[in-house]
Amino acid sequence: MQALFEGHRLTPTQRRIAHCMVRGAADVPFLSSVELAELAGVSQPSVTRFAVALGFDGYPALRRYLREVAPAAEPGTGRGEGSYNSYQQAVQAEIENLRHLSAMLADPGPAEEAGRVLAASRPLPVLGLRAASSQARGFAYFAGKVHPDVRLLDEGGSMLADRIDSCVRAGASALLCFALPRHPKEVVEILRYARDSGLTVVTVADSAFAPVARHSDLLIPAPVGTGLAFDTACAPMLLGRVLLEAIADALPDAQARLEQFDASAAARGLFVD
């Protein structure tokens, strides 16, 4: 049943239905749409839209499919021996995402090129809106320890283009963007504006085919997990740290800056350890 949901971009409500179905796999093929809606805590029309999102004509067609292909559950368990529960499945899927990232980094060329491009930009704007804002903020926090001028762009609105203009006037040559689902239309628009303004756009996205791809000069993909109601982004976060390492490698004074920060932090008693 879990395999049925993979490869589909589901809304949080639809994922809630999917998780409910996984947990109750033995009973779901025999539930009406109303009963499944009550079990998942959603509306009956949401169940219908969920079935359509999976490619079925409606919920009855989805239920028939489950009755035909779902294997019989072990008596009293609802799942085969040794199988993972829905929470474990999400963790296992994220581990697999990290394996994909590791395999991709077997060729370090794109990450190293991105590091050189980003390190050379003064200032370095880092963009991330909505779901990607935490990725951008975390990156900017650490990048500021080795790069002399990092500017976080994590709030949308009409002033975002103004801030891009400010970075360009200050001498910026590149922009780093974290772009994660669901992709805000504003991110696509601002990346187009950034490139038209002369910036080289380096993007960390969930897929090489993400909507931001056509507005990126260098896109490095890192898959997100979709096994829970909200996406998990361990791979994009780790890729961000890899790019930080590449930036530090490209900055001759990065180590000196780190040592200066450590000395300052110790003098101020900044950390308890």
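Looking at the overall build of the chain
Here comes step 1: When you go through the chain residue by residue, the secondary structure sums to 12 helices and 5 strands.
Here comes step 2: By principal-axis analysis of the C-alpha atoms, the chain measures approximately 65 × 45 × 35 Å.
Here comes step 3: When the 273 residues of the chain are sorted by exposure, 40% land in the buried category.
Here comes step 4: Contacts spanning at least 24 positions in sequence make up 68% of the contacts within the chain whose residues lie at least 6 apart.
Here comes step 5: Of the roughly 14300 Å² of accessible surface on the chain, 53% is carried by carbon and sulfur atoms.

A closer look at helix H3 (residues 33-40)
Here comes step 1: Listed as buried for H3 are Ser33, Leu36, Ala37 and Ala40. Along the axis of H3, the buried positions cluster into a sector of 100°, meaning they face one direction only. Residues of H3 that are exposed and point over 90 degrees away from its buried face: Glu38 and Leu39.
Here comes step 2: Two residues or fewer past H3, glycine 41 is found with a positive phi of approximately 75°.

A word on the packing of aromatic side chains
Here comes step 1: According to the stated counting rule, one finds 4 aromatic pairs in the structure shown.
Here comes step 2: Their ring planes at 75° and their centres at 4.9 Å tell us that tyrosine 141 and phenylalanine 142 sit as a pair that is edge-to-face.
Here comes step 3: A relative accessible area of 35% places phenylalanine 142 in the partly exposed class.
Here comes step 4: The ring of phenylalanine 261 carries the charged tip of lysine 145 above its face, separated from the ring centre by 3.6 Å.

Description of the sheet that holds strand S2 (residues 150-153)
Here comes step 1: Overall, parallel pairing links the 5 strands, which are arranged S2-S1-S3-S4-S5 in an open sheet. On the outer flanks of this sheet lie S2 and strand S5 (218-221), each paired with one strand and no other. On average, each strand axis in the sheet is tilted by 15° relative to the strand beside it, whichever way the strands run.
Here comes step 2: Sheet topology note: the strand S4 (residues 200-205)/S5 ladder contains 4 bridges and is parallel. Looking at S5, one finds that alanine 205 is bridged to proline 221.
Here comes step 3: On the sheet, helix H8 (residues 133-143) packs against strand S1 (124-127), S2 and strand S3 (174-179) and is oriented at approximately 170° with respect to S2.
Here comes step 4: Set on the sheet, helix H9 (residues 159-169) makes contact with S1, S2 and S3; between it and S2 the angle comes to about 165°.

Criteria and thresholds
- Residues numbered from 1 in each chain as written.
- Predicted model: local features only at pLDDT ≥ 70, side-chain atom pairs only at ≥ 80, totals over all residues.
- Heavy atoms only, no water.
- Helix = DSSP H or I, 4+ residues; strand = E, 2+ residues; numbered from the N terminus.
- Buried < 20%, exposed > 50% of the residue type's maximum accessible area, 1.4 Å probe, protein only.
- Contact = heavy atoms within 4.5 Å.
- Areas by Shrake-Rupley, 256 points an atom, 1.4 Å probe, with all protein chains shown as cover.
- Arc of directions from axis to C-beta.
- Phe/Tyr/Trp six-rings, centres within 6.5 Å; stacked < 30°, edge-to-face > 60°.
- Lys NZ or Arg CZ within 6 Å of the ring centre and 35° of its normal.
- Pairing = 2+ DSSP bridges.
- Axes fitted to C-alpha atoms, helices over the stretch in contact; angles between N-to-C directions.

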